[in-house]
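The lines below spell out each chain.
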Amino acid sequence: MRADAQRSIDTLLTAAAEVFTTSGVDAPVRQITAKAGVGAGTLYRHFPQRSDLIAAVFRHEVDACADAAASLVAQHEPVDALARWLQRFAAFIATKRGLSAALHSGDPAYDSLPSYFQQRFVPVLGVLLDTAAKAGQIRSDIDPEDLLRAVGNLTLPAQEDDSGHTQRMIALLVDGLRYGTHRSV
């Protein structure tokens, strides 16, 4: 794919994600294209069905969240990188609530998304956990899938203005991961 075409797609996906967050997945196409600065033809050329666009937005957002782990590991101590990524993951989950109805609609276009989610997030979190455990900063017996589920559950009551509740709960969860290490005393 040409670089300019990829930029158009990335711009469309970013704009669609923002519009979906504020207006829901049924927002008018013109709202998405106006935000992206492209025509409707460009959108329909790449995403002929709305479900194609929704699935692509979901994958794009999953990839951005998963890819953020590498820069966090490079910039922070292992347990801090883990905590920051879990916060990023929680924000991802909270902002994707609007996609939930579409993703659970029974539309076959979305059938591959749960496994995509697992394929991208489980290994990333596994590396973060392993790195922090090898540094002696957390326990070494943590299942990445369990932790993803726990953080997802922590975001359930989150509202747009949760006064930092989710962030505090994730900080508490990370503190609990330290239990049993030499630093937990």
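(A) Molecular detail of the overall build of the protein. Within the protein, the secondary structure is distributed over nine helices and zero strands. Each helix and strand of the protein, ordered N terminal to C terminal, gives the series α-α-α-α-α-α-α-α-α. Scored against the burial criterion, the 185 residues of the protein give a buried share of 41%. Side-chain charges in the protein split into 18 positive and 21 negative, and the spacing between the mean points of these groups amounts to 4 Å.

(B) How the structure looks around the pattern of salt bridges. This model, assessed by the stated rule, comprises eight salt bridges. Residue D80 pairs with R84 through a salt bridge whose shortest N-O separation is 3.0 Å. Of this pair, D80 and R84 both sit in helix α5 (residues 78–95), four residues apart, roughly one helical turn. The exposure class of R84 is partly exposed, given its relative accessible area of 40%. We note a salt bridge from D146 to R149, for which the minimum N-O separation is 3.4 Å. Here R149 and D146 lie together in helix α8 (residues 144–154), a separation of three residues that amounts to about one turn. Taking relative accessible area as the criterion, D146 reaches 43% and is therefore assigned partly exposed. Sharing partners across several salt bridges, the network here consists of D63, D67 and R120.

(C) Up close: the packing of aromatic side chains. Overall, the coordinates contain ten aromatic pairs when judged by the stated rule. A ring pair is formed by F89 and F92, whose centres lie 6.3 Å apart and whose planes are at 25 degrees; its orientation type is stacked. Separated by three residues within a single helix, F89 and F92 lie in helix α5, roughly one turn from each other. Ring centres of F89 and F121 lie 5.1 Å apart, and the angle between their planes is 80 degrees; this geometry places the pair in the edge-to-face category. In this pair, F89 sits in helix α5 while F121 sits in helix α7 (residues 113–134), placing the two residues 32 residues apart along the sequence. The structure contains a cluster of three or more aromatic residues connected by ring pairs, namely F58, W85, F89, F92, F117 and F121. Taking NZ or CZ as reference, R59 lies 5.6 Å from the ring centre of Y116, over its face.

(D) Geometry of helix α2 (residues 29–36). Within α2, the full set of buried residues consists of V29, I32, T33 and A36. Looking down the long axis of α2, one finds its buried residues gathered within 95 degrees of arc, a one-sided arrangement. Turned more than 90 degrees away from the buried face of α2, the exposed residues are R30 and A34. Here the buried face of α2 lies against α1 (3–23), α3 (40–46) and α4 (50–75). Residue G37 follows α2 closely and has a positive phi angle near 75 degrees.

(E) Broad picture of the side chain of S51. Here S51 lies in helix α4. Residue classification places S51 among the buried positions, given a relative accessible area of 11%. Those residues in contact with S51, other than ones at most four positions away along the chain, are D107, A109 and Y110.

(F) Spatial organisation of the nonpolar core. Ranked by size, the top nonpolar core spans 59 residues in total, and within it W85, F89 and F121 carry the most contacts. Listing elements by their share of this core, those giving two or more residues are α1, α2, α4, α5, α6 (97–103), α7, α8 and α9 (165–177). Every residue in contact with F89, bar those within four places of it in the chain, is listed here: C65, F117, F121, L148, V151 and G152.

(G) Structural view of the packing of α5 against α8. Look at α5 against α8: their axes get within 9 Å of each other, and the N-to-C directions meet at 55 degrees. Relative to α8, the element α5 is oriented oblique. Judged by the twist between their axes, the crossing of α5 over α8 is right-handed. Between α5, through W85, L86, F89, A90 and I93, and α8, the contact on the second element is made entirely by L147, L148, V151 and G152.

Quick notes on the rules
- Residues numbered from 1 in each chain as written.
- Predicted model: local features only at pLDDT ≥ 70, side-chain atom pairs only at ≥ 80, totals over all residues.
- Heavy atoms only, no water.
- Helix = DSSP H or I, 4+ residues; strand = E, 2+ residues; numbered from the N terminus.
- Buried < 20%, exposed > 50% of the residue type's maximum accessible area, 1.4 Å probe, protein only.
- Lys, Arg positive; Asp, Glu negative; His and termini not counted.
- Charge placed at Lys NZ, Arg CZ, Asp CG, Glu CD.
- Salt bridge = Lys/Arg side-chain N within 4 Å of Asp/Glu carboxyl O.
- Phe/Tyr/Trp six-rings, centres within 6.5 Å; stacked < 30°, edge-to-face > 60°.
- Lys NZ or Arg CZ within 6 Å of the ring centre and 35° of its normal.
- Arc of directions from axis to C-beta.
- Contact = heavy atoms within 4.5 Å.
- Core = buried A, V, L, I, M, F, W, Y, C linked by side-chain atoms within 4.5 Å.
- Axes fitted to C-alpha atoms, helices over the stretch in contact; angles between N-to-C directions.
- Parallel < 35°, antiparallel > 145°, perpendicular 65-115°, else oblique.
- Left-handed = near helix turned anticlockwise from the far one by under 90°.

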